[in-house]
Amino acid sequence: MSPQLHNTVLISHLFSNTPNDEDNGNLPSSFTEYFRNYKAETKIISEETTRSIELCLKKGDLQRAKSVISDALRVIDNAPINIAVTGESGSGKSSLINALRKVKHSGGSAAEVGVIETTMKIKSYEHPKVKNLILWDLPGIGTPKFQPHNYLEKVEFKKYDFFIIVSSTRFKQHEIDLAKAIRIMKKNYYFVRTKVDSDLQNEEKCHPQNFDRKNTLKQIRNYCLNNFTGSNIGEPEVFLISNYDLSDYDFPVLMDTLIKNLLAEKRHNFLLSMPNITEAAIQKKYNSTKQYIWLNALKDGVFATVPVVGILSDMDIEKLKKRLNFYQDLFGVDDESLTFMAKDAQVPVGQLKKKLKSPYLLEFKKEETLGGLLLKCLEKFASANGGLLATGLYFTKTYYLEFHFLDTVAEDAKVLLREAYSKK
Ligand code: GDP
Ligand code: MG
């Protein structure tokens, strides 16, 4: 069969149940079906927005559906996230901020680590990849210029989405009082105990015979919690972390908790900012990005009829290349990250790349073309979402490739993570 004929057969097969333009009666169920896959705490649009889109689709008001989705996407793109990090000097605030910004400890705009703060000023750090996410390095409560009675006013508490209260020893009364005040202001706070790696090390050194890692961590936790008895704040969750090893201890749980408590429309930006520290983190970033592509695809495709497959314009190809690079950058599979990782593992970068698929996504052998890849992506999408396609949910063609790029890049990120661990 000639490739052209094959294309036609495949397409007519895929869309044999496609209803005509007017008949979009099944779109709402497709939309609902897709977004129902996600738990409320992992969705990037609110329940209210979800319902509003569903309703428009149900009424057949595609113009309105498109506009609600556009608005939702605009809100997601522009959602500001301001994170306050407070704690005594030396507690590890700057290190945590650097970890959350995934900026190495030296050079550039990294928060200075290990510097005794003398001026006691509030400093802000923009996330290098997510411009709307700003981390605020606040002086600890009780320092001369930031006294408890007006601390929250002085730090302009209103602008923060939540507060992270950091300590490398135990939480002080001022800090517990601060948490109470934050709650009164209807904001969230999280108690984070840093440097547990060094506590474990010390304990092991002092008691090599009966050192028990789990037990030591439990002791640190209990010691922290003891400070809260009688504080009528209840027993808060305390996250034990090491700024040097984010994939271990409670850092992943802290991330999950932050995501869950954030407003739905802020989740996507927060997830984009997250370091790719565990498979679960990669998966969450993937899920969020997938929802984002779905919304964009729906916005652009709600009017589409049967897609014309095969030909992609130069503009499509340019756009796709950009998207691929964006995903690679997002998941740490970009050239710079690969070079860095290869250097770290002392292997040639080519050797590392060979384990991955995304670097070769847009490299075609003689008989292959991008159009051919598009067909494969359509087939893949159809088999994963067959029911949806049959009900007339189809997207502008480039989106099928975008889904495939995202899948491939996220898989590569997991391969890299396993690779990094096998070297440890
Ligand atoms: P800040 O004054 O609160 O900003 O604290 P820094 O981030 O400057 O950290 C103070 C010191 O503690 C520095 O020497 C850091 O390298 C060290 N440090 C910070 N976090 C950790 C951690 O999780 N584990 C260990 N072992 N040291 C840490
Ligand atoms: Mg500091």
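Higher on the page you've got the structure.
Residues numbered from 1 in each chain as written. Chains lettered and ligands numbered in written order. Predicted model: local features only at pLDDT ≥ 70, side-chain atom pairs only at ≥ 80, totals over all residues. Heavy atoms only, no water.

Caption draft 1: Molecular detail of the site of ligand 1. Around ligand 1, the structure places 17 residues, and the nearest of them are Gly-90, Ser-95, Gly-114, Asn-243 and Tyr-244. Within the contact set of ligand 1, an oxygen atom lies 3.0 Å away from a backbone nitrogen or oxygen of Gly-92. At 2.7 Å, a backbone N or O of Asn-243 approaches an oxygen atom of ligand 1. Summarising the interface, the protein chains cover 84% of the accessible area of ligand 1, which totals 570 Å² for the free molecule. The set of elements that each furnish at least two residues to the shell around ligand 1 consists of helix H5 (93-101) and helix H8 (196-206). Of all the elements, H5 adds the most residues to the shell around ligand 1, at 3 residues. Looking at the shell around ligand 1 residue by residue, the classes come out as 2 nonpolar, 10 polar and 5 charged. (Near = heavy atom within 4 Å. Polar contact = N/O pair within 3.5 Å; in protein donor to acceptor, adjacent residues only side chain to side chain. Areas by Shrake-Rupley, 256 points an atom, 1.4 Å probe, with all protein chains shown as cover. Helix = DSSP H or I, 4+ residues; strand = E, 2+ residues; numbered from the N terminus. Nonpolar A, V, L, I, M, F, W, Y, C, P; charged D, E, K, R; others polar.)

Caption draft 2: Looking closely at the packing of aromatic side chains. The tally for this structure, following the rule as stated, stands at 14 aromatic pairs. Aromatic pair Phe-171 and Phe-228: ring centres 6.0 Å apart, planes at 45°, arrangement tilted. Taken as a pair, Phe-171 in the loop between strand E4 (162-167) and helix H7 (173-184) and Phe-228 in the loop between helix H9 (213-226) and strand E6 (238-240) lie far apart in primary sequence, 57 residues in all. You'll find Phe-171 and Phe-228 in the same group, each marked buried. In this structure, Lys-154 packs its charged tip against the face of Phe-146, placed 5.5 Å from the ring centre. Over the ring of Trp-136 we find Lys-159; its NZ or CZ atom is 4.3 Å from the centre of that ring. (Phe/Tyr/Trp six-rings, centres within 6.5 Å; stacked < 30°, edge-to-face > 60°. Buried < 20%, exposed > 50% of the residue type's maximum accessible area, 1.4 Å probe, protein only. Lys NZ or Arg CZ within 6 Å of the ring centre and 35° of its normal.)

Caption draft 3: Inspection of the packing of H8 against H9 at higher detail. The geometry of H8 relative to H9 is characterised by a closest axis approach of 10 Å and an angle of 125° between their N-to-C directions. Classified by the interaxial angle, the pair formed by H8 and H9 is oblique. The element H8 and its partner H9 pack so that their crossing is right-handed. Between H8, through Val-196, Asp-199, Leu-200 and Glu-203, and H9, the contact on the second element is made entirely by Arg-213, Thr-216, Leu-217 and Ile-220. Classifying every residue of the contact of H8 with H9 gives 4 nonpolar, 1 polar and 3 charged. (Axes fitted to C-alpha atoms, helices over the stretch in contact; angles between N-to-C directions. Parallel < 35°, antiparallel > 145°, perpendicular 65-115°, else oblique. Left-handed = near helix turned anticlockwise from the far one by under 90°. Contact = heavy atoms within 4.5 Å.)

Caption draft 4: Structural view of the packing of helix H16 (residues 370-384) against helix H18 (residues 398-422). The contact between H16 and H18 brings their axes to 8 Å, and the two run at 80°. When the axis of H16 is compared with that of H18, the two are roughly perpendicular. Residue-level inspection shows Leu-370, Leu-373, Leu-374, Cys-377, Leu-378, Lys-380 and Phe-381 of H16 in contact with H18, the latter providing Tyr-400, Leu-401, Phe-403, His-404, Phe-405 and Asp-407. Class assignment for the residues of the contact of H16 with H18 results in 10 nonpolar, 1 polar and 2 charged.

Caption draft 5: Geometry of the sheet that holds strand E5 (residues 188-193). On the basis of which strands lie adjacent, the open sheet formed by 6 strands has the order E2-E3-E1-E4-E5-E6 and mixed pairing. The open sheet has two edge strands, strand E2 (123-126) and E6, and neither has a second partner. The mean inter-strand angle of the sheet, taken between neighbouring strand axes irrespective of direction, is 25°. The strands touched by H7 are strand E1 (81-87), E4 and E5; relative to E5, the strand with the most contacts, the crossing angle is about 155°. Docked against the sheet, helix H10 (residues 251-261) engages E4, E5 and E6, running at close to 175° with respect to E5. (Pairing = 2+ DSSP bridges.)

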